[in-house]
Amino acid sequence: MKSAKFDYTRPHDVRAAIHALADALGEAKFLAGGQSLGPMLNLRLTRPKLLVDVSRIEALRSIDVVNGSIRIGAAVTHAEIEDAGASLARNAMLPAVAREIAYRTIRNRGTIGGSLAHADPAADWPLALAALDAVIIVNGPAGQRSIPSARFMLAAFTTQLADDEMIEAIIVPELSPSARWGTYKFCKRTGEFPDAAAMAVFDPARRIARVYVGALSGAPVPLDALARGIAQQGAVALTATAVDRAIAMAVPELDAVGRKMHAATTMRAVQQALAS
Amino acid sequence: MSELHGKPGQGIGARVPRKEDARHLHGRGNFVSDLIFPGQREVVFLRSPIAHGILRGITKPAGFESVVYARADIAGIRNIEAPSTLPTYKLSTQPPLAQGKVRFVGEPVAMVVAKTRAEAEDIAEQIQLDIEELPALVDAHRARLDTDVRVHNEWSDNLFLTLDFDNNFEAESKKATIVVTREINLARQAMVPMEGRAIVAHWDDRAGQLIVYTSTQAPHVIRVGLAQFLGIDEGMIRVISPDVGGGFGLKCVLWPEELCVAWLALTQKKPFRYIEDRREHLTAGANCRQHHYTVTAYADQRGRLLALDAQITIDGGAYSNWPFTIGLEPGQATGNLPGPYEFKGYRCKTYCVATNKPGFLPYRGVARTGVCFAMELIMDAIARAVDRDPYEVRYENLIPPQLMPYNNVSRKHYDSGDYPRALAMVREKLDYDGWLARKAQGEPDGRLIGIGFASYCEQSAHGTSVFASWGLPLIPGYDQATVRTTPDGGLEIRVGVHSHGQGMETTLAQVAHEVVGVPIERIRVVHGDTGITPFSTGTYASRSIVMAGGAVGRACQTLLPRYIHIGAHLLKCKPDDARFEKSEVVGPNGRVSLKEIATAWFLRPERLPVDVDRDGLEATVGYKPTVDTGAFTYASHGAVIAVDPEVGGIEILDYVIVEDCGTMVNPMVVEGQTLGGVAQGIGTAMFEESPYDANGQPLASTFMDYTMPGATEIPAIRIYHTESPSPYTLFGIKGMGEGGAIAPPAVIFNGVNDALKDLGVEVNETPLTPKKLLEAIERARQAHPQRKVA
Ligand SMILES: Cc1cc2nc3c(=O)[nH]c(=O)nc-3n(C[C@H](O)[C@H](O)[C@H](O)COP(=O)(O)OP(=O)(O)OC[C@H]3O[C@@H](n4cnc5c(N)ncnc54)[C@H](O)[C@@H]3O)c2cc1C
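Residue positions are given per chain, counted from 1 along the sequence in the order it is written. Here chains are named by letter from A upward and ligands by number from 1 upward, in the order in which they appear as written. Local features in a predicted model are, by the rule used here, given only for residues with pLDDT of at least 70; side-chain atom pairs are given and counted only at 80 or more, and totals for whole chains, interfaces and linings are based on all residues. As a rule here, side-chain values come from all non-hydrogen atoms in the structure, and water together with hydrogens is ignored.

## Description of helix α9 (residues 224-233) of chain A
Residue and element names in this part refer to chain A. Where α9 is concerned, the buried positions are Leu-226, Ala-227, Gly-229 and Ile-230. With its buried residues spanning 160 degrees around the axis, α9 presents them on a single face. Exposed residues on α9 whose side chains face more than 90 degrees from its buried face are Ala-225 and Gln-232. In DSSP terms, a helix is any run of H or I states spanning at least four residues, a strand is any run of E spanning at least two, and both are numbered starting from the N terminus. One or two steps after α9, the chain reaches Gly-234, where phi turns positive at roughly 80 degrees. Exposure classes here rest on a 1.4 Å probe applied to the protein chains alone. A residue is buried below 20% of its type maximum, exposed above 50%, and partly exposed in between. What the arc describes is the spread of directions from the helix axis to the C-beta atoms.

Have a look at this one:
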């Protein structure tokens with residue numbers, strides 16, 4: 001399959017990119033790593049008249065640490081985050097999550113911004129960034145605004161992003177030295193999107209306790225009561241029954257098999273956090 | 001690999017690296033898509049979006065009428081029909097572009113020509129199809145009983161074919177004290193070669209020929225087919241099959257797309273090409289493996305099999321292929337189900353049913369992956385029923401070597417081998433006892449360990465009588481090879497088979513080296529071109545190293561006396577006093593090289609004896625084994641499986657193969673073939689599936705939904721060899737190209753069932769996805785609440 005005909009432009013800054021999109025009156029799309037958009041173009045599931053390539057805009061390409069936060073430009077690739085271990089010492093969960101996305105050839109091109117905008121329910125960043133309490137900076141003709149990542153994704157392939165807005169950066173808080181985290185996903189094959197996924201972050205110094213389940217039919221779902229229980233009582237609160245009940249309540253639409261898979265995955269993510 | 005030694009030198013048995021590796025590793029292979037002809041046009045097929053319907057009309061987009069073709073526009077092409085002499089067989093008529101009806105999603109309906117593929121797709125999507133939808137036949141069991149809705153209106157039902165076999169079933173089954181029945185299912189699959197189908201055709205004015213480059217396993221057969229269905233002389237066609245990126249059976253039949261593109265070049269005298277894309281392949285190519293079995297085994301108290309009763313249903317799809325016909329699959333299933341086992345009563349009824357899916361094709365292992373899966377699962381089920389070790393039960397049922405050659409219950413003639421020894425070696429190499437001890441201890445991470453075995457034998461290089469019994473319209477006979485001595489004393493070998501990953505550019509050179517002694521660097525194997533190679537039905541059915549290898553060996557042997565005759569003359573001795581030794585003729589008072597002999601024949605004929613053999617230093621010789629019922633390769637596979645019962649994950653901890661393909665021409669090539677086959681078998685076992693919805697819509701049309709195993713899913717496989725030469729073939733060679741793909745589903749499922757035995761879980765349907773595994777565990781939990789289930 002070959003894509004339907006489109007034009008292509010590669011603006012040099014954010015403002016030009018936003019203009020280019022707005023000028024096309026709804027007929028344009030941003031292109032980042034193309035790892036999700038490429039197949040959709042070729043299958044002719046999407047037919048933009050114009051692609052606005054943001055993958056080389058300098059302002060979207062860096063990772064910076066500023067006042068206890070990490071700012072990741074939207075066009076930073078998964079591979080760059082994977083390899084940024086040193087500058088991400090205060091949030092080692094980020095490279096750990098990046099390393100588990102697909103396989104290296106995909107990570108070399110796929111971007112964190114593209115992943116959030118695409119909002120695949122089984123994707124890693126929406127889940128990780130929700131668990132990490134990140135903030136997403138978006139920009140558009142109406143100006144810049146920030147959206148907490150836990151509320152950014154609304155449903156499968158649906159976000160708070162307006163049609164004319166772009167993701168500019170993701171601000172991730174640094175973890176305290178005592179913070180513990182765990183991630184676990186189950187893929188039927190290496191490099192495949194997962195069948196079940198969960199991530200847990202416990203950062204008592206910042207009064208944070210979060211357990212999130214992903215790879216569902218929609219956005220990742222928090223298991224707040226379970227997370228609080230574990231934060232207060234430690235490992236004793238982590239029983240198979242407690243996890244199963246938490247999943248059943250938070251994601252009632254799961255069938256028995258789905259519940260079991262997600263419960264096991266959640267259990268492993270939290271165990272990993274507690275053991276770290 | 002396990003045994004790194006091979007025979008020294010470059011002849012039969014030597015572990016020499018493949019000659020073809022250099023070009024492929026450097027990306028310098030030459031595939032159909034690499035060929036560009038001036039003025040070439042791209043062809044795109046508009047395919048039916050509907051599984052079953054009446055095709056009322058096709059509206060071409062305005063302005064593009066001349067580049068859009070429907071059936072009526074290509075009247076010069078005949079419909080594809082593959083007659084068979086099998087009783088009960090019904091002929092299907094496959095138009096090259098749909099006519100009257102559409103019969104599966106993906107069936108070509110119209111053809112579009114443009115400068116680029118993208119432009120052709122732009123035009124194709126504007127074509128309007130008027131299709132009146134009919135109920136789709138998606139389930140083979142239902143289609144078998146349905147006579148109202150029919151895939152082919154002119155038939156009375158939806159049965160391509162029914163086979164009935166009975167050998168002593170009643171009498172033998174009566175003796176049994178144990179009766180075990182299982183239902184076993186294999187999913188539909190696509191073959192997924194790295195290179196899809198690909199065709200470029202152009203007209204050559206100088207040769208007065210239609211030149212068709214196509215990615216095929218059988219260039220000569222494709223030429224026969226093109227001539228037949230285009231209605232022109234074979235001499236007007238030359239088929240060239242360059243590098244081919246995997247065939248697996250997909251590329252041993254004639255495709256409607258080949259006919260259409262060849263017709264364009266023939267009628268317009270310009271170059272046209274069609275390159276299949278992955279989405280087309282996964283939908284229009286979902287054409288293999290889907291078998292359903294109900295198998296009942298009759299055994300004694302110790303698990304000794306006495307009789308077997310089977311009903312096999314094969315989902316044949318919409319059309320029978322040319323030339324193998326759809327009869328091949330049910331024929332092989334019925335005949336091969338008994339496998340390597342010794343028992344005396346067998347009854348089998350096999351239905352091959354037409355449905356609204358792509359027509360079934362013979363995929364690597366042809367039917368045997370299915371029958372091995374069924375037979376080996378039932379073996380383990382028998383063991384469970386008599387409460388014995390599946391290894392022991394399997395071992396005792398295998399045909400013992402003292403009965404070889406053995407005529408089995410389905411009247412196959414097994415030529416040679418020690419089947420139990422292969423299984424015993426797997427047990428030893430796998431350290432079965434060690435794993436049993438570890439299994440008894442339990443795993444600290446909660447995973448459950450199981451060990452699975454499977455044994456099979458693989459009919460290879462079966463010839464005329466066997467294919468005739470399957471009723472084919474085109475039956476293999478003698479395979480020919482031309483061996484030419486070059487004036488500088490090298491060899492050039494021309495064969496009609498095709499090598500596309502089998503390494504025959506190396507192994508056929510090794511066979512020639514064995515006889516003539518010329519270094520393999522100076523032996524060139526030419527294949528894949530009807531213009532310059534002798535006829536062969538091609539590469540399929542694990543036949544080429546036996547058939548073409550035999551022909552090469554015999555052609556070389558034919559040349560030896562001619563070399564000796566000239567050599568003796570040059571040495572001034574009698575031919576009887578000279579002998580041929582390692583590319584030299586040796587006489588009582590000296591030796592003369594093949595180079596000098598060749599120089600004399602080609603360039604300095606004044607040096608030749610007057611009574612020289614006028615046929616010279618080139619020979620075309622035919623070959624087929626003395627007994628043409630096949631040389632049977634056999635193997636046992638064993639694997640240790642860890643099951644994660646909480647998420648349904650499966651890991652293969654160890655995988656051991658002991659195989660015997662008679663005399664090995666090149667152990668490294670044998671191992672490469674086996675590894676590739678096992679990877680495909682793992683795909684069948686755990687990942688690959690072409691599911692359909694109730695309307696016959698394929699649900700896996702990209703790799704997003706069609707899961708292939710990757711490097712990380714293939715364990716480090718250990719392969720060991722024994723060599724039981726075939727008594728019927730030159731050098732005792734047996735074919736082995738398919739075997740690797742046969743056993744993995746059986747081994748893996750037996751391992752999983754062993755791991756989950758205490759939970760009361762038994763799985764028997766491919767592919768074993770995590771979800772299916774968890775569902776089975778959940779069902780067992782509900783059925784046996786008292787058991788301790790994860
Ligand atoms: C085989 C394969 C396996 C994969 N496995 C995984 C996995 O395990 N886990 C996982 O998380 N992901 C996985 N992915 C997805 C991958 O992570 C992609 O990177 C991601 O989906 C999209 O990122 P991209 O940069 O390629 O975006 P693109 O494909 O270029 O764009 C995707 C969408 O986002 C929009 N977009 C891109 N950038 C911006 C921006 N800055 N602002 C607003 N909109 C924007 C585009 O317009 C488009 O709609 C896989 C992909 C493939 C092909």
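## Considering the domain arrangement of chain B
Residue and element names in this part refer to chain B. What the domain assignment reports for chain B is domain 1 (32-37 + 191-284), domain 2 (291-465 + 627-783) and domain 3 (478-623). Domains are outlined according to an automatic or database domain assignment. A C-alpha centroid distance of 40 Å is found between domain 2 and domain 3. Contact with domain 2, which involves 19 residues of that partner, is made by 20 residues of domain 3. A quick way to say it: buried area is the sum, across both parts, of accessible area lost when two parts are put together, with a 1.4 Å probe. Together, the buried faces of domain 2 and domain 3 total about 1,400 Å²; carbon and sulfur atoms form 68% of this surface. Throughout this description, the term salt bridge denotes a Lys or Arg side-chain nitrogen within 4 Å of a carboxyl oxygen of Asp or Glu. Here domain 2 and domain 3 share zero salt bridges between them. Distance and chemistry together define a polar contact, namely a pair of N or O atoms within 3.5 Å, with one atom able to donate a hydrogen and the other to accept it when in protein, and with adjacent residues in sequence counting only for side-chain atoms on both sides. Our count for the contact surface shared by domain 2 and domain 3 stands at nine residue pairs in polar contact (both at pLDDT 80 or more). Working rule for contacts: check all heavy atoms of both residues, and any pair within 4.5 Å makes them a contact.

## Here we look at the pattern of salt bridges
Across all of its chains, the model carries 72 salt bridges over all chains by this definition. A salt bridge links Arg-394 of chain B to Asp-380 of chain B; the nearest nitrogen and oxygen atoms lie 2.8 Å apart. Placement of Arg-394 of chain B in helix α10 (residues 390-397) and of Asp-380 of chain B in helix α9 (residues 368-385) is noted, with a sequence separation of 14 residues between them. By the burial criterion, Arg-394 of chain B is buried, and Asp-380 of chain B matches it. The salt bridge partner of Arg-543 of chain B is Asp-479 of chain B, with a shortest N-O separation of 2.7 Å. Of this pair, Arg-543 of chain B sits in the loop between β23 (523-526) and α15 (544-570) while Asp-479 of chain B sits in strand β21 (residues 479-485), and the two are 64 residues apart along the sequence. Like Arg-543 of chain B, the residue Asp-479 of chain B is buried in the burial classification. Each of Arg-44 and Arg-47 of chain A together with Arg-47, Arg-117, Glu-121, Asp-122, Glu-125, Arg-197, Glu-257, Glu-276, Asp-277 and Glu-280 of chain B takes part in one network of salt bridges that share partners.

## Considering the pairing of strand β22 (residues 491-495) of chain B
All names here are of chain B. Here β22 lies mainly inside the structure; five of its five residues are buried. Strands qualify as paired when DSSP identifies two bridges or more between them. For β21 and β22, the ladder comprises five bridges, and the chain directions are antiparallel. Among the inter-strand pairings, Thr-482 is bridged to a residue of β22, identified as Arg-494. Between β21 and the antiparallel strand that follows it, β22, lie five residues; Gly-489 among them carries a positive phi value of about 85 degrees.

## A short note on the interface of chain B and chain A
Accessible area lost upon the coming together of the parts is a frequently used measure of interface size. Counting residues at the interface gives 30 residues for chain B and 22 residues for chain A. Both sides together, the interface formed by chain B and chain A hides about 2,200 Å², and carbon and sulfur atoms give 57% of it. Among the residues chain B hides against chain A, the three largest losses belong to Glu-121, Glu-646 and Val-647 of chain B. Together they make up 21% of the total. Counting across the chain B and chain A interface gives seven salt bridges. With its nearest N and O atoms 2.5 Å apart, the salt bridge here joins Glu-125 of chain B to Arg-47 of chain A. Broken down by secondary-structure element, the contributors of at least two residues to the side of chain B that touches chain A are α2 (117-124) and α19 (770-783) of chain B.

## Quick look at the domain arrangement of chain A
Residues and elements named next belong to chain A. In terms of domains, chain A is made up of domain 1 (7-53), domain 2 (58-173) and domain 3 (180-275). Taken together, the contact between domain 2 and domain 3 spans 26 residues of the former and 23 residues of the latter. Note on domain 2 versus domain 3: buried area summed over both sides is about 1,900 Å², and carbon and sulfur give 69% of it. Its largest share of buried area at the contact with domain 3, domain 2 owes to Met-93, Leu-127 and Ala-131, together 31% of the area lost on that side. Inspection of the domain 2/domain 3 interface yields two salt bridges. Where Arg-210 meets Asp-133, a salt bridge forms, and the shortest distance between an N and an O atom there is 3.2 Å. In this structure, the connection of domain 2 to domain 3 is made through five residue pairs in polar contact (both at pLDDT 80 or more). If you list the elements that add at least two residues to the side of domain 2 that touches domain 3, you get α4 (93-99), α7 (124-131) and β8 (153-155). Among the elements that line the side of domain 2 that touches domain 3, the one with the most residues is α7, at six residues.

## A closer look at the site of the ligand
Residue and element names in this part refer to chain A. The local shell around the ligand holds 30 residues, among which Phe-30, Ser-36, Leu-37, Thr-111 and Asp-124 are the closest. At 3.3 Å, a side-chain N or O of Lys-29 approaches an oxygen atom of the ligand. A distance of 2.7 Å separates an oxygen atom of the ligand from a polar backbone atom of Leu-37. Taken together, the elements giving at least two residues each to the shell around the ligand come down to β2 (28-31), α6 (112-118) and β10 (166-173). For the shell around the ligand, the leading source of residues is α6, giving four residues. Near, as used in this document, describes a residue that has one of its heavy atoms within 4 Å of the molecule or strand being considered.

## Some points on the sheet that holds strand β24 (residues 579-581) of chain B
Within a sheet, adjacent strands bond to each other through the backbone by hydrogen bonds, running parallel or antiparallel. All names here are of chain B. Spatially, the three strands line up as an open sheet ordered β24-β25-β26, and their pairing is antiparallel. Only two strands of the sheet have a single neighbouring strand rather than two, namely β24 and β26 (590-593). Sheet twist, expressed as the average angle between the axes of neighbouring strands with direction ignored, equals 30 degrees. Here strand β25 (residues 584-587) runs beside β26; their pairing, made up of four bridges, is antiparallel. In the sheet register, Val-586 faces β26, and the bridge partner there is Arg-591. Against the sheet, helix α16 (residues 594-602) engages β25 and β26, with an angle of about 60 degrees to β26. Helix axes are fitted to C-alpha atoms over the stretch in contact, other axes to C-alpha atoms as well, and angles between N-to-C directions run from 0 to 180 degrees.

## So, the environment of Pro-271 of chain B
Residue and element names in this part refer to chain B. Along the chain, Pro-271 turns up in the loop between α6 (256-268) and β13 (272-275). Given the relative accessible area of 12%, Pro-271 is considered buried. Sequence-wise, Pro-271 and Gln-40 are 231 residues apart; in three dimensions their C-alpha atoms are separated by 4.7 Å. Excluding residues that lie within four positions of it along the chain, Pro-271 makes contacts with Phe-37, Pro-38, Gly-39, Gln-40, Arg-41, Ala-201 and His-202.

## Description of the state of the cysteines
When two cysteine sulfur atoms are found within 2.5 Å, that pair is recorded as a disulfide. In the structure shown here, the tally under the stated rule is zero disulfides over all chains. No disulfide involves Cys-252 of chain B; its sulfur sits 12 Å from the nearest other cysteine sulfur, which is in Cys-288 of chain B.

## Considerations on empty space enclosed by the protein
Residues and elements named next belong to chain B. Here a cavity denotes grid points, spaced 1 Å and computed from the protein atoms alone, that fit a 1.4 Å probe unable to get out, and a pocket denotes an open set having protein on both sides within 12 Å along at least 5 of 7 lines; residues with an atom within 4 Å of a point are the lining. Grid points are joined across faces, edges and corners, and a volume is the space filled by probe spheres set on the points. One pass over the structure, following the stated rule, counts seven cavities of 30 Å³ or more. Its volume calculated, the largest cavity comes out at about 200 Å³. Looking at the largest cavity, it is lined by 20 residues, and the ones nearest its centre are Gln-94, Phe-104, Trp-255, Pro-256 and Gly-359. Polar here means any residue outside two lists: the nonpolar Ala, Val, Leu, Ile, Met, Phe, Trp, Tyr, Cys and Pro, and the charged Asp, Glu, Lys and Arg; Gly therefore counts as polar. Residue composition of the lining of the largest cavity, grouped by class: 11 nonpolar, six polar and three charged. Each of two domains, domain 1 (32-37 + 191-284) and domain 2 (291-465 + 627-783), supplies a minimum of three residues to the lining of the largest cavity.

## Considering the side chain of Ser-726 of chain B
Residue and element names in this part refer to chain B. In this structure, Ser-726 sits in the loop between β30 (717-722) and α18 (744-755). Residue classification places Ser-726 among the buried positions, given a relative accessible area of 5%. Not counting residues up to four positions away in its chain, the partners in contact with Ser-726 are Asp-415, Ser-416, Ala-631, Gly-732, Ile-733 and Lys-734.

## Brief notes about the packing of aromatic side chains
All names here are of chain B. Two rings from Phe, Tyr or Trp (for Trp, the six-membered ring) form a pair when their centres are within 6.5 Å of each other. A pair whose planes differ by under 30 degrees is stacked, one over 60 is edge-to-face, and the rest are tilted. Going through the model one piece at a time under the given rule, you end up with 22 aromatic pairs over all chains. On the basis of an interplanar angle of 70 degrees and a centroid distance of 6.3 Å, the ring pair of Phe-104 and Tyr-319 is categorised as edge-to-face. In this pair, Phe-104 sits in the loop between β4 (101-102) and β5 (108-114) while Tyr-319 sits in the loop between β16 (305-317) and α8 (328-336), placing the two residues 215 residues apart along the sequence. Pair check on accessibility: Phe-104 and Tyr-319 agree, each one buried. Consider the rings of Phe-467 and Trp-470, whose centres lie 5.2 Å apart with planes at 85 degrees: the pair is edge-to-face. On the basis of relative accessible area, Trp-470 is assigned to the buried category, the value being 6%.

## Quick word on the nonpolar core
All names here are of chain B. As used here, the term nonpolar core means buried Ala, Val, Leu, Ile, Met, Phe, Trp, Tyr and Cys residues forming a set that is joined through side-chain atoms within 4.5 Å. Membership of the largest hydrophobic core comes to 178 residues, with the highest contact counts inside it found for Met-111, Leu-226, Leu-230, Leu-337 and Val-752. Excluding anything up to four places from it in sequence, Leu-337 contacts Tyr-293, Leu-308, Ala-310, Ile-312, Gln-332, Tyr-346, Val-371, Ala-374 and Met-375. In terms of nonpolar packing, the next biggest core, distinct from the first, is built from 53 residues, Val-525, Val-546, Ala-551 and Val-552 among them.

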